[in-house]
Amino acid sequence: LWLGMIGASVLLIVVVYAFRSRTATESSETLPEPPQPVANTAPVSRETEIATLLQQAEARLQAGLLTDEAEQSAEAAYRRVLKLDRGNAQALAGLENIAREYERLARQRLEAGAPQESVNLIQKGLAVAPGREGLMRLRQEAERRIAERQTRMAEQERQQELQLQAEQFLEQARSSFSEGLLEISQAHIEQGLLAIPDQPDLLALREQVKARMAETAQRRAEEVRHQAEEAERRKTEKAQQ
């Protein structure tokens, strides 16, 4: 009896365990899988991309990022719009606005006395809008002023060199004058006046040299006259004897 009861209990345990295992397996197989996030793979429309680029371009234009920041410039954004829509009126107008801004900045630098900086800005504007009439005229004016400045600087350098030459001849003339070498002093003065005809120190020294030479000539003339008189006197005395 005991053996029968033990066997029945073992059998019951086995049956219950098997039933529970099967139920758990079926439940796991029938559970729905958790939902997976769905990637947004819908392509951006051409119109949306153009609108975004135009907004970026306008913002960069207002910030002054015209062409200097490569792909982060207003020009770059407008160029990308034109690749998507060749005749986009807003992008074409934007490029004109960039060129107009460069023209404004270039005119400011020219009026401020910086023609070379003005030319640099003009070149950037012409790279955006080649042949723009306002930029072309402004470049001619800037280049003319640059040429005038270069001419003035060259003349100033020449005048400085002549001034240096005149000062050197003046120094030599003064040295010769102090030594009594009047002819040599006069020669140095004339050479200095060839460099700067109205050099005041040279002109003043020339007058001094002329006065000294006149005095010297007068003394010599008096000496000659005195010698002649002395010779005549001796001749008369000898004749009387």
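Right, let's walk through the structure included here. Quick caveat: nothing in here was measured; it's all calculated off a predicted structure. (Residues numbered from 1 in each chain as written. Predicted model: local features only at pLDDT ≥ 70, side-chain atom pairs only at ≥ 80, totals over all residues. Heavy atoms only, no water.)

**Let's talk about the nonpolar core**
No. 1: Of all hydrophobic cores here, the largest spans 28 residues; its most connected members are Tyr-78, Ile-98 and Ile-122.
No. 2: For this core, the elements supplying multiple residues, two or more each, are helix 2 (46-62), helix 3 (74-84), helix 4 (89-111), helix 5 (115-128) and helix 6 (133-178).
No. 3: Sorting elements by how many residues they give to this core places helix 4 first, with seven residues.
No. 4: Not counting residues within four places of it along the chain, the set of residues in contact with Ile-98 comprises Leu-61, Leu-66, Thr-67, Ala-74, Glu-75, Tyr-78 and Val-128. (Core = buried A, V, L, I, M, F, W, Y, C linked by side-chain atoms within 4.5 Å. Buried < 20%, exposed > 50% of the residue type's maximum accessible area, 1.4 Å probe, protein only. Helix = DSSP H or I, 4+ residues; strand = E, 2+ residues; numbered from the N terminus. Contact = heavy atoms within 4.5 Å.)

**Some words on the side chain of Glu-103**
No. 1: Following the sequence through the fold, Glu-103 ends up in helix 4.
No. 2: For Glu-103, a relative accessible area of 13% translates into the label buried.
No. 3: Leaving out residues up to four positions away in the same chain, Glu-103 has contacts with Arg-132, Gly-134, Leu-135 and Leu-138.

**Brief notes about the side chain of Ser-176**
No. 1: Considering the arrangement of structural elements, one finds Ser-176 in helix 6.
No. 2: Residues contacting Ser-176, with those up to four places away along its chain left out, are Leu-181, Ile-184, Ser-185 and His-188.

**Topic: the packing of helix 2 against helix 4**
The description of two packed helices rests on the angle between their axes and on the distance between the axes.
No. 1: Running from amino to carboxyl end, helix 2 crosses helix 4 at an angle of 15°, the nearest separation of the two axes being 11 Å. Relative to helix 4, the element helix 2 is oriented roughly parallel. Handedness of the crossing formed by helix 2 with helix 4: left-handed. For the pair formed by helix 2 and helix 4, the contact residues are Leu-54, Glu-58 and Leu-61 on the first element and Gln-90, Ala-91, Asn-97 and Ile-98 on the second. (Axes fitted to C-alpha atoms, helices over the stretch in contact; angles between N-to-C directions. Parallel < 35°, antiparallel > 145°, perpendicular 65-115°, else oblique. Left-handed = near helix turned anticlockwise from the far one by under 90°.)

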